[in-house]
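Working through the structure, step by step
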Amino acid sequence: MLNIGIVGAGNRGIRCYGIHIMKEKKDIARIVAISDPDEKRLAVAKQVLHLDNDDIFTDTRKMLDKKDLNAVIITSPDYTHRDIAIAAFERGLDVLCEKPLALTVDDCDEILKAQEKSGKILCVGFVLRYNNFYRKMYEIVNVEKKIGKLIVAGGFDSVSTGSQYFFHGWWRLRKNSGGLLVQKATHSVDILNWIIGSKATRVYGEGGLAVFGGKEPDDKVCSSCSKRFNCPEALLEKNIAWDYGEASITMEVEDKCVFAKEIDVYDHEILTINYENNVKAFFVESQFTHDYKREFWFIGDKGRLYGIDPYIVASQDNKKPYMEIVYRHTREKEIIPVTLAPGGHGGGDPGLIDDFLNGCITRKNVLADGIAGRESIAICAGGEKSIETGKIIWLR
């Protein structure tokens, strides 16, 4: 039986990992501890996950010292990942770390060094690799080879909820999130890396702040703003309720003005990426689109693969994932059917957990490993630096 501790008593820590393992994986694993500096969250986690007082911690390092702990799942804010992961490896624990693995390549490398020294498992929360939609893309390009030799690839992240997700709270500062390429785009960039099957050599980026940021005071908040009922970006409800069945919690979220001076993360970015195998790729991210979706293109010498994975789109559009191949010489179109597995992220959440737990038991490497986490950050952090400096960033 694997004894697992969770760092972070937020919705992802409690619901995605805690409740799923408690209900669906109770034959091989159990949650024996959780840490969070917020005692209100801890009280809910204690009730929902059936923990004792000795199993909840406000100090993560004390939790990591808990006797008989085998593995830890890190769901705390991005800027905490490096120190917690290293501390876990120093204590001989297997680690599942939410994306991004860390905010910089140097920090990723420090984590990988600690992992290598410990000999333990490191899994990164790249849930899309476990989603049937993206697995089918991988098979078409790399197993079935339907589009021939891959030459060009691309991805586009449309984020309709950029204001709500990122610009009201701590993510809006690069020191906390590394920028939204690091925080958000790392998922899609990992899919490019995985399917292209090579490491990036250089990245060049352009972008900036076009919609968010501005001249408003840093301490201005929506709840006391005279314009809040006429501002489309205003967060009118600060209290977010999460119902876990046995217990519920209402948390107050940050409602800082999205037009504040201090905002230094970009709201749109365009990257060009070169790989060791000579594939060239582009990536675009926008935080102010009307829809929420991911699109990918993979172009070979025999055809073009296109896929769209929508979350929120215009009311008249089909909201199901769609994938097609158009063959170069015949111009025939083949629509590829895909059935998503149950669970969050199109089955990606339970797939990730299954892979991690299996790795802990069998000691086999996981699909979304630490190297994948590092290579995604190399591109994303490099892209942030390129936008800032206007220079090409060489990655190796």
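These lines cover the structure that appears in this document, whether it is placed above or below.

1. Some remarks on the overall build of the chain
Looking only at helices and strands, the chain features 11 helices and 17 strands. Taking 21 Å as the expected radius of gyration for a compact globule of 396 residues, we find that the chain reaches 21 Å, a close match to that expectation. If one aligns the C-alpha atoms of the chain with their principal axes, the spans along those axes are about 65 × 60 × 40 Å. Burial status across the chain gives 54% buried among its 396 residues. The long-range fraction of contacts in the chain, counting pairs at least 24 apart against all pairs at least 6 apart in sequence, stands at 73%. Within the structure as shown, the chain displays about 17,900 Å² of accessible surface, and the carbon and sulfur contribution to it stands at 49%. Each charge class in the chain can be summarised by its mean position, and for the 54 positive and 57 negative side chains these summaries are 3 Å apart.

2. Here's the deal with a nonpolar patch on the surface
A cluster of nonpolar side chains, namely Ile151, Val152 and Ile299, defines an oily patch on the protein surface of about 210 Å² accessible area. By the element assignment, Ile151 lies in strand 7 (residues 150-158).

3. Points about the pairing of strand 5 (residues 94-97)
Alternating residues of strand 5 divide into Asp94 and Leu96 and Val95 and Cys97, and every residue in both groups is buried. Relative to strand 5, strand 4 (residues 71-74) runs parallel, the two sharing 4 bridges. From the neighbouring strand, Val72 faces strand 5, where its bridge partner is Val95. In this fold, strand 4 hands off to helix 4 (residues 81-90), which returns the chain to strand 5; that crossover is right-handed. When strand 5 meets strand 6 (residues 122-124), the two strands line up parallel, connected through 3 bridges. By the bridge assignment for strand 6, Cys97 is matched with Val124.

4. Observations regarding the environment of Thr272
Note on placement: Thr272 falls in strand 11 (residues 268-275). Those residues in contact with Thr272 that lie beyond four places of it in its chain are Arg202, Val203, Tyr204, Ala281 and Phe282.

5. Observations concerning the packing of aromatic side chains
Enumeration over the complete set of coordinates arrives at 12 aromatic pairs. Relative to Tyr292, the ring of Tyr165 has its centre 6.3 Å away and its plane inclined at 65°; by these criteria the two rings are edge-to-face. In this pair, Tyr165 is assigned in helix 7 (residues 162-167) and Tyr292 in strand 13 (residues 292-300), connecting sequence segments 127 residues apart. The class for Tyr165 is partly exposed, based on a relative accessible area of 37%. Overall, the relative accessible area of 9% leaves Tyr292 in the buried class. Between Trp170 and Trp171, the aromatic rings sit 4.4 Å apart at their centres with planes inclined by 25°, giving stacked as the arrangement. Given the relative accessible area of 25%, Trp171 is considered partly exposed. Cluster of aromatic residues (ring-pair linked, three or more members): Tyr79, Tyr165, Phe166, Trp170, Trp171 and Tyr292. Cation over ring: Arg202 sits above Trp394, and NZ or CZ is 5.7 Å from the ring centre.

6. Focus on the pattern of salt bridges
In the structure shown here, the tally under the stated rule is 28 salt bridges. In this structure, Arg12 and Asp349 form a salt bridge, with 2.7 Å as the shortest nitrogen-oxygen distance. Here Arg12 is found in helix 1 (residues 11-24), whereas its partner Asp349 is found in helix 10 (residues 348-362), with 337 residues between them in sequence. For Asp83, the salt bridge identified is with Arg82, shortest N-O distance 2.5 Å.

7. Points about the sheet that holds strand 2 (residues 29-35)
Here we have 6 strands laid out as an open sheet, ordered 3-2-1-4-5-6, and parallel in their pairing. The two strands at the open ends of the sheet, each matched to only one other strand, are strand 3 (56-57) and strand 6. The pairing of strand 1 (residues 2-7) with strand 2 spans 6 bridges and is parallel. Along strand 2, the bridge assignment pairs Asn3 with Arg30.

8. A short note on the layout of surface pockets
Estimates place the volume of the second largest pocket at around 300 Å³. As for the second largest pocket, its lining consists of 17 residues, and the residues nearest its centre are Val105, Ala378, Ala381, Gly382 and Lys385. Elements with a contribution of two residues or more to the lining of the second largest pocket: helix 5 (105-118), helix 11 (370-389) and strand 17 (393-394). Element by element, the count of residues in the lining of the second largest pocket is highest for helix 11, at 7 residues. Each residue belonging to the lining of the second largest pocket can be placed in one class, and the counts come to 8 nonpolar, 3 polar and 6 charged.

9. Considerations on the state of the cysteines
Here the structure, examined in full by the defined rule, presents 0 disulfides. Not part of a disulfide, Cys257 finds its nearest cysteine sulfur in Cys222, a span of 6.3 Å.

How each quantity is defined
Residues numbered from 1 in each chain as written. Predicted model: local features only at pLDDT ≥ 70, side-chain atom pairs only at ≥ 80, totals over all residues. Heavy atoms only, no water. Helix = DSSP H or I, 4+ residues; strand = E, 2+ residues; numbered from the N terminus. Rg over C-alpha atoms; globule rule 2.2 N^0.38 Å. Buried < 20%, exposed > 50% of the residue type's maximum accessible area, 1.4 Å probe, protein only. Contact = heavy atoms within 4.5 Å. Areas by Shrake-Rupley, 256 points an atom, 1.4 Å probe, with all protein chains shown as cover. Lys, Arg positive; Asp, Glu negative; His and termini not counted. Charge placed at Lys NZ, Arg CZ, Asp CG, Glu CD. Patch = residues over 30% accessible without salt bridge, like charges linked within 9 Å, V, L, I, M, F, W, Y side chains within 5 Å. Salt bridge = Lys/Arg side-chain N within 4 Å of Asp/Glu carboxyl O. Pairing = 2+ DSSP bridges. Right-handed = clockwise from strand over helix to strand, strands pointing away. Phe/Tyr/Trp six-rings, centres within 6.5 Å; stacked < 30°, edge-to-face > 60°. Lys NZ or Arg CZ within 6 Å of the ring centre and 35° of its normal. 1 Å grid on protein atoms, 1.4 Å probe; cavity = no way out; pocket = protein on both sides within 12 Å on 5 of 7 lines; lining within 4 Å. Points joined across faces, edges and corners; volume = space filled by probe spheres on them. Nonpolar A, V, L, I, M, F, W, Y, C, P; charged D, E, K, R; others polar. Disulfide = S-S within 2.5 Å.

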